[in-house]
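Working through the structure, step by step
As a plain string of letters, each chain reads:
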Amino acid sequence: VQLQASGGGLVQAGGSLRLSCAASGRTFSSYTLGWFRQAPGKEREFVAVISPTGSSTDFADSVKGRFTISRDNAKNAVYLRMNSLKPEDTAIYYCAARPFWTRPVAYRPDEYNHWGQGTQVTVSS
């Protein structure tokens, strides 16, 4: 599966953005999809994940209650809605996919097989 993220931009603290990730591939609906982010000088970190059917989600503690993840399997797309943005949310955001859902949830970047190119999110104070 190939992924392409979009929707990033510059927003003031407290604002909102919705990231989109478009995917190609006939087996999209069987993939677990995740969002990760990487700030300058830091390692890539887990943000959110959604199961193939969309029935299960999980979030990093730092974004719980502010971010939501959703998917539309008919459109081969996954979304990350980000509310109450903070300057520390500034990073390049990546969507990622892995071909199955597991418990415990896959939080590490090396557990994902496919990556999009990233979209920059900048939150000004």
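The structure we're discussing is the one just above.
Below you will find a few notes about this structure. (Residues numbered from 1 in each chain as written. Predicted model: local features only at pLDDT ≥ 70, side-chain atom pairs only at ≥ 80, totals over all residues. Heavy atoms only, no water.)

The next thing to look at is the sheet that holds strand E1 (residues 2-6). Strand order in this open sheet of four strands is E1-E3-E8-E7, and the pairing throughout is antiparallel. For this open sheet the edge positions go to E1 and strand E7 (67-72), each flanked by a neighbour on one side alone. Averaged over all adjacent pairs, the angle separating strand axes in this sheet is 15°, with direction ignored. As paired strands, E7 and strand E8 (residues 77-82) are joined by six bridges and run antiparallel to one another. Counterpart to Ile69 in the pairing with E8 is Leu80. (Pairing = 2+ DSSP bridges. Helix = DSSP H or I, 4+ residues; strand = E, 2+ residues; numbered from the N terminus. Axes fitted to C-alpha atoms, helices over the stretch in contact; angles between N-to-C directions.)

What follows covers the nonpolar core. Among the nonpolar cores identified, the biggest contains 37 residues, and Trp35, Val47, Phe67, Ile69, Leu80, Met82 and Tyr93 are the most heavily contacted of them. Contributions of two or more residues to this core are made by E1, strand E3 (17-24), strand E4 (32-38), strand E5 (45-50), E7, E8, strand E9 (91-98) and strand E11 (119-124). Once residues within four sequence positions are removed from consideration, Val47 is found in contact with Trp35, Phe36, Arg37, Asp58, Phe59, Ala60, Val63, Phe67, Leu80 and Tyr93. (Core = buried A, V, L, I, M, F, W, Y, C linked by side-chain atoms within 4.5 Å. Buried < 20%, exposed > 50% of the residue type's maximum accessible area, 1.4 Å probe, protein only. Contact = heavy atoms within 4.5 Å.)

Now for the pairing of E7. Judged by which residues are buried, E7 turns out to be one-sided: Phe67, Ile69 and Arg71 face inward and are buried, whereas Thr68, Ser70 and Asp72, on the alternate face, are not. Linking E7 back to E8 in an antiparallel pair, the connection comprises four residues, with Asn76 at a positive phi of about 55°.

Scanning the model with the defined rule gives six aromatic pairs in all. For the ring pair Phe36 and Trp115, a centre distance of 5.1 Å and an interplane angle of 55° mean the geometry is tilted. With a gap of 79 residues between them, Phe36 in strand E4 and Trp115 in strand E10 (residues 114-115) connect regions that are remote in the sequence. Through pairs of rings, three or more aromatic residues link up here, namely Phe36, Phe46, Tyr94, Tyr107, Tyr112 and Trp115. Directly above the aromatic system of Phe28 lies the positively charged group of Arg71, at a separation of 4.9 Å from the ring centroid. Stacked on the ring of Tyr112, the Lys or Arg Arg98 has its end atom at 5.8 Å from the ring centre. (Phe/Tyr/Trp six-rings, centres within 6.5 Å; stacked < 30°, edge-to-face > 60°. Lys NZ or Arg CZ within 6 Å of the ring centre and 35° of its normal.)

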